[in-house]
Amino acid sequence: MDNRCILGIESTCDETAAAVVVDGREIITHVIASQAAVHEQFGGVYPELASRHHLDKVSPIITEALRSAPPIDCVAVAQGPGLVGSLLVGINAAKGVAMGLGVPLIGINHVEAHLYAAIMGKQDTVQYPALGVVLSGGHTALLLIKKIGEYELISSTADDAVGEAFDKVAAMLDLPYPGGPHVEKLAKEGDPHAHPFRAGRVKTNPFAFSFSGLKTSVLYACQKPHSKADIAASFQRAAFSDIKKKMTLALEQFPCRSILLGGGVTNNKALRDLLNFDLPTFLPPPPLTLDNAAMIAGLAYEKSPAMSPSNLTPKPRLKAFWS
Ligand code: KG4
Ligand code: ZN
C-alpha cells in the first residue's frame, strides 16, 4: 500500500458524483447528486438537461468530497462511455482541479469501473482468471478477466442492455424511470411463471444476449388484461434466468476461479439470490452498484498517472477495455 489518495469524478449519464479513495480500498468521501427526478417526466435521460444539471452540481459536489479529505495525489475522471455533453462537464472540472492542485489526471473507463466496484477492499482475495459480468443500463457483457486491466470479450448484447430492457418494460407497465427498482418491487407481488417469456439467442455466439424479443412479448402481454405484477415477475425471471444460463455456459468453456459482477442491475435482490455458483462471487455493495465516483477513484489506483491534464478528451463510445 502506498497511501495514494485519489479524487474521482463521475458524470457519464445522470449522476454527478465525486469521491476520495485511498489505494483503491478505503473510501474517505463519497458524494452523489442524482438527476433521476429531472428525467422521470421524459421516461429516460434527456441529454441537454443532463449536461445543464451536471454544470450546476459539479463544483459543489467536488467541494464536498474534498472537504474532509487528505491531500490529493491524483485526479481520476470517467472518460466514457457516456453522453458527450455530460462527460465534458466532469472532464473539464477534473482538468481544472488537477491543474489547480498540480497533480496528474487519469481517464477511466466507466464500465470497467463498474466491475472494479465489486472488488474494492477485497482485491487481494480475488483469484484470476475471473468471469466478468457487466449488467448496466448501457451495457451487458461477459468478459474473461485475466487480471485488472486485461480483458477478453466473450459476448455482449445484440440489441438492448439488460438495464435498458428493465427501463423499457417499466415504461410499458406505467412505472417511472429508472424502471429497474420499480419492476423489481412489482415483481415481488407477481407469479414469475404466469407468462412463458424467454430471452433470445444469438445464432453466431451462444454466450451473447438479446432482449428485444422478450420486450416485444411483454408489450403484447401488456395489451391484454393481465396482472402487471405477473408480467413484471415473468419478465424478470426470463431476463435473469437467461443471464445465469449464459454465465454457466461461459464458465464451462472458459474455466474461471471467481466471478465479478457490476452495473446498476446488480442492485436487484432477485438476481443476487439466483447467483449460487460454486465459485467466489463478488458483487458491489449496494451503494456502489449505481453510477458513483468511488469506483472511478478506486480503479484509477490500478492505472498509471500517464496524462497531463490538458490532453484528456471525452470518449463517448469508449469500449476499448475489453478488446
Ligand atoms: O450501471 P448504471 O447505474 O448505469 C449505466 O452505466 O448504464 O445502471 C442503471 C441501470 C438502469 O437501467 C436501471 O433501471 C437499472 O440499472 N437498475 C436495476 C435495478 N436498479 C437499477 N435493474 C433491475 N433491478 C434493480 N433493482
Ligand atoms: Zn454506469
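A short tour of the structure in this document, coming up.

1. Focus on the pattern of salt bridges
Alright, step 1. Tallied over the full model, the rule gives 11 salt bridges.
Alright, step 2. Ionic pairing is found between Arg25 and Asp124, a salt bridge with its closest N-O pair at 3.0 Å. Separated by 99 residues along the polypeptide, Arg25 in the loop between strand E2 (15-22) and strand E3 (26-34) and Asp124 in the loop between helix H4 (110-116) and strand E6 (130-135) bring together distant segments of the chain.
Alright, step 3. The class for Arg25 is partly exposed, based on a relative accessible area of 23%.
Alright, step 4. The class of Asp124 is exposed, set by a relative accessible area of 63%.
Alright, step 5. Here Lys146 ties to Glu152 by a salt bridge, and the two come within 2.8 Å at their closest N and O atoms.
Alright, step 6. The exposure class assigned to Lys146 is partly exposed, which follows from its relative accessible area of 39%.
Alright, step 7. For Glu152, a relative accessible area of 33% gives the class partly exposed.

2. Digging into the nonpolar core
Alright, step 1. Membership of the largest hydrophobic core comes to 44 residues, with the highest contact counts inside it found for Leu131, Leu142, Phe211, Phe235 and Met247.
Alright, step 2. Elements supplying a minimum of two residues to this core: E6, strand E7 (140-147), helix H5 (162-172), helix H6 (180-187), helix H7 (212-222), helix H8 (228-253) and strand E9 (258-262).
Alright, step 3. With 12 residues, the single largest contributor to this core is H8.
Alright, step 4. Residues within four places of Met247 in sequence aside, it is in contact with Leu131, Val133, Leu142, Ile259, Leu261, Leu275 and Phe277.
Alright, step 5. Of all hydrophobic cores here, the second largest spans 36 residues; its members include Ala17, Val111, Ala294 and Ala297.

3. Overview of the site of ligand 1
Alright, step 1. Around ligand 1 lies a shell of 19 residues, among which Gly137, Gly138, Asp167, Glu184 and Gly264 are the nearest.
Alright, step 2. One of the side-chain N or O atoms of Ser136 is found 3.5 Å from an oxygen atom in ligand 1.
Alright, step 3. Between ligand 1 and Asp291, the relevant distance is 3.1 Å, taken from an oxygen atom to a side-chain nitrogen or oxygen of the residue.
Alright, step 4. For ligand 1, whose accessible area on its own is 560 Å², the fraction buried by protein is 90%.
Alright, step 5. Taken atom by atom, the bulk of ligand 1 overlaps the largest pocket.
Alright, step 6. Only H4, H5 and H6 provide two or more residues apiece to the shell around ligand 1.

Calculation notes
- The numbers attached to residues start from 1 for each chain and follow its sequence in the written order.
- Each chain gets a letter, beginning with A, and each ligand a number, beginning with 1, in the order they are written.
- The model is predicted, so local features are restricted to residues of pLDDT at least 70 and side-chain atom pairs to those at 80 or more, both for listing and for counting; the totals for chains, interfaces and linings are taken over all residues.
- Side-chain numbers come from the whole structure's heavy atoms, not from hydrogens or water.
- The salt bridge criterion pairs a side-chain nitrogen of Lys or Arg with a carboxyl oxygen of Asp or Glu, the two atoms within 4 Å.
- Only DSSP runs of H or I reaching four residues or more are called helices, and only runs of E reaching two or more are called strands; each is numbered from the N terminus.
- Think of it in three bands: residues with accessible area under 20% of the maximum for their type are buried, residues over 50% are exposed, and the middle band is partly exposed, with areas taken using a 1.4 Å probe on protein chains only.
- Each nonpolar core is a collection of buried residues, namely Ala, Val, Leu, Ile, Met, Phe, Trp, Tyr and Cys, held together in the definition by side-chain atoms within 4.5 Å.
- Note on contacts: a residue pair qualifies if any of its non-hydrogen atoms lie within 4.5 Å across the two residues.
- A molecule or strand has a residue near it when one of that residue's heavy atoms lies within 4 Å.
- Under the rule applied, a polar contact is a pair of N or O atoms within 3.5 Å (in protein, one hydrogen donor and one hydrogen acceptor; residues adjacent in sequence only if both atoms are side-chain atoms).
- In these tables, accessible area is a Shrake-Rupley quantity obtained with a 1.4 Å probe, and a residue counts as shielded only by the protein chains included in the view.
- Cavity and pocket criteria rest on a 1 Å grid covering protein atoms alone: a 1.4 Å probe that fits but cannot get out defines a cavity, protein on both sides within 12 Å along at least 5 of 7 lines defines an open pocket, and an atom within 4 Å of a point defines a lining residue.
- Molecules are considered to sit inside a cavity or pocket once more than half of their atoms lie within 2 Å of its grid points.

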